[in-house]
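What follows is each chain in one-letter form.
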Amino acid sequence: NGDKLIGVLRELDETTVRLFSHFVGDVNLPRKEILSLTFVQHARMSVGNILVCDQTGVREFDRNGKELWSYVNNSQYAWNAVKLENGNVLIANTQYNQVLEVTRGKEIVWRMDNLNNPYDAERLENGNTLVTEYYANRVSEYDPQSKSVWQFTRIQYPISAQRLENGNTLIASVQKVVEVNREGKEVWTAKLKGIRPWRASRLDSGNTLITDFNSGVVVEVDPAGGE
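Residues numbered from 1 in each chain as written. Predicted model: local features only at pLDDT ≥ 70, side-chain atom pairs only at ≥ 80, totals over all residues. Heavy atoms only, no water.

Colleague: I tried to follow a nonpolar patch on the surface on my own but got confused; where do I start?
Modeller: Taken together, the side chains of Leu 9, Leu 12, Leu 37 and Phe 39 make up a nonpolar region of the molecular surface, amounting to roughly 380 Å² of accessible area. Tracing the backbone through its elements, the reader meets Phe 39 in the loop between strand E3 (25-30) and strand E4 (50-54). Phe 39 sits in the exposed class, given a relative accessible area of 56%. (Patch = residues over 30% accessible without salt bridge, like charges linked within 9 Å, V, L, I, M, F, W, Y side chains within 5 Å. Areas by Shrake-Rupley, 256 points an atom, 1.4 Å probe, with all protein chains shown as cover. Salt bridge = Lys/Arg side-chain N within 4 Å of Asp/Glu carboxyl O. Helix = DSSP H or I, 4+ residues; strand = E, 2+ residues; numbered from the N terminus. Buried < 20%, exposed > 50% of the residue type's maximum accessible area, 1.4 Å probe, protein only.)

Right under this line is the structure:
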């Protein structure tokens, strides 16, 4: 159908090509549906460019490492940046206690001030923005007028949050990884031993990927908590 899928080849026979994609997991493709198959020696970015947050601000690079765009105006040490569907960039501007939406022309078209060390920001499908405030001990959903429409505050030092397809929110803090529903009830908690979570992401398989700040490792756990 014209789509391109990049992954690691697992198996190849007369009828099927099996590969692993970091976007969709294990994939089995009938060879008759494949227009072309190309092998590359080194891994490359499979779609688009990459956004990098560092001590200077936010920068965008292509797959060859060429810098294409940057936003460095009072955005040093931003913790997170996400490219939105409209082409703008949503920035968790941590050191300046704000969240910004910036155009390609570097114009601020939306901002939230007076936050408390926002470490993470995610634009939701309903147009609201999910913000994780580290020192405020809260994860909040704000509408376009910056009004809070949902909050979860029973957590210490949250670092990242992900709105799941079931409407719940997956939150990683320095102490735990927890899934909470709209009523603020904890419906799942990762069983972690000796791990200091830094970021968590729910995979399509239903497992959860967790980075461990203490040991410098990444752990994948299933819904029962097994590694």
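Colleague: Got a minute to help me understand the pattern of salt bridges in this structure?
Modeller: Two side chains of opposite charge can pair, provided their charged atoms sit close to one another. Tallying each qualifying case throughout the model produces 14 salt bridges. Put simply, Glu 67 and Arg 59 hold a salt bridge, and the shortest N to O gap is 3.3 Å. Judged by relative accessible area, which is 24%, Arg 59 ranks as partly exposed. A salt bridge links Arg 182 to Glu 141; the nearest nitrogen and oxygen atoms lie 2.8 Å apart.

Colleague: Quick question: what am I supposed to make of the nonpolar core here?
Modeller: Nonpolar side chains in soluble globular proteins generally cluster together in the buried interior. One finds Leu 164, Leu 170, Ala 172, Val 177, Trp 188, Ala 190, Ile 195, Ala 200, Ile 210, Val 219 and Val 221 forming the largest nonpolar core, which totals eleven residues. Put simply, the parts of the chain that give this core at least two residues each are strand E16 (169-173) and strand E21 (217-221). The residues contacting Ala 190, other than those within four sequence positions of it, are Val 177 and Ile 210. (Core = buried A, V, L, I, M, F, W, Y, C linked by side-chain atoms within 4.5 Å. Contact = heavy atoms within 4.5 Å.)

Colleague: Help me understand the pairing of strand E14 (residues 148-152), please; the structure alone is not making it clear to me.
Modeller: As a general feature of sheets, a regular strand has side chains that alternate between the two faces. Where strand E13 (residues 138-142) lies against E14, four bridges are found, and the strand directions are antiparallel. Residue pairing across strands places Ser 140 opposite Gln 151, the latter belonging to E14. Here E13 hands over to E14 after five residues, with Ser 146 in that stretch at a positive phi of 70 degrees. (Pairing = 2+ DSSP bridges.)

Colleague: Help me out: how do you make sense of the sheet that holds E14 in this one?
Modeller: Strand pairing in a sheet relies on backbone hydrogen bonds. The paired strands run either parallel or antiparallel. The four strands are arranged E11-E12-E13-E14 in an open sheet whose pairing can be described as antiparallel. Of all the strands in the sheet, just strand E11 (118-123) and E14 have a single pairing partner and so form its edges. When the angles between neighbouring strand axes are averaged without regard to direction, this sheet yields 15 degrees. (Axes fitted to C-alpha atoms, helices over the stretch in contact; angles between N-to-C directions.)

Colleague: Is there a simple way to think about the sheet that holds strand E2 (residues 16-21) in this case?
Modeller: Here three strands make up an open sheet; going across it, the order is E1-E2-E3 and the pairing antiparallel. Every interior strand has two partners, whereas the edge strands, strand E1 (8-12) and E3, have only one. Neighbouring strand axes in the sheet, compared pairwise and without regard to direction, differ in orientation by 25 degrees on average. Bridge count between E2 and E3: six bridges; the pairing is antiparallel. Bridge pairing in E3 links Arg 18 to Asn 28.

Colleague: Sorry if this is basic, but what is going on with unusual backbone geometry here?
Modeller: Of note, the phi angle at Asn 114 is positive, near 60 degrees, even though the residue is not glycine. We classify Asn 114 as exposed; its relative accessible area is 73%. The phi torsion at Asn 137 lies on the positive side, around 55 degrees, for a residue other than glycine. In this structure, Asn 137 sits in the loop between strand E12 (129-133) and E13.

Colleague: For this particular structure, what's the right way to read the packing of aromatic side chains?
Modeller: Two measures describe an aromatic ring pair: the distance that separates the ring centres and the angle between the ring planes. Across all of its chains, the model carries eight aromatic pairs by this definition. Seen in terms of ring centroids, Tyr 134 and Tyr 135 are 4.9 Å apart; in terms of plane orientation they differ by 80 degrees. Their pairing is edge-to-face. Judged by relative accessible area, Tyr 135 falls into the partly exposed class, the value being 46%. Aromatic side chains Tyr 135 and Tyr 157 sit 6.2 Å apart centroid to centroid with 90 degrees between the ring planes, which places their arrangement in the edge-to-face category. Taken as a pair, Tyr 135 in the loop between E12 and E13 and Tyr 157 in the loop between E14 and strand E15 (158-163) lie far apart in primary sequence, 22 residues in all. Across from the ring centre of Trp 150, 5.5 Å away, lies the NZ or CZ of Arg 163, which sits over that ring. (Phe/Tyr/Trp six-rings, centres within 6.5 Å; stacked < 30°, edge-to-face > 60°. Lys NZ or Arg CZ within 6 Å of the ring centre and 35° of its normal.)

Function-wise, these values are silent; they only describe arrangement.
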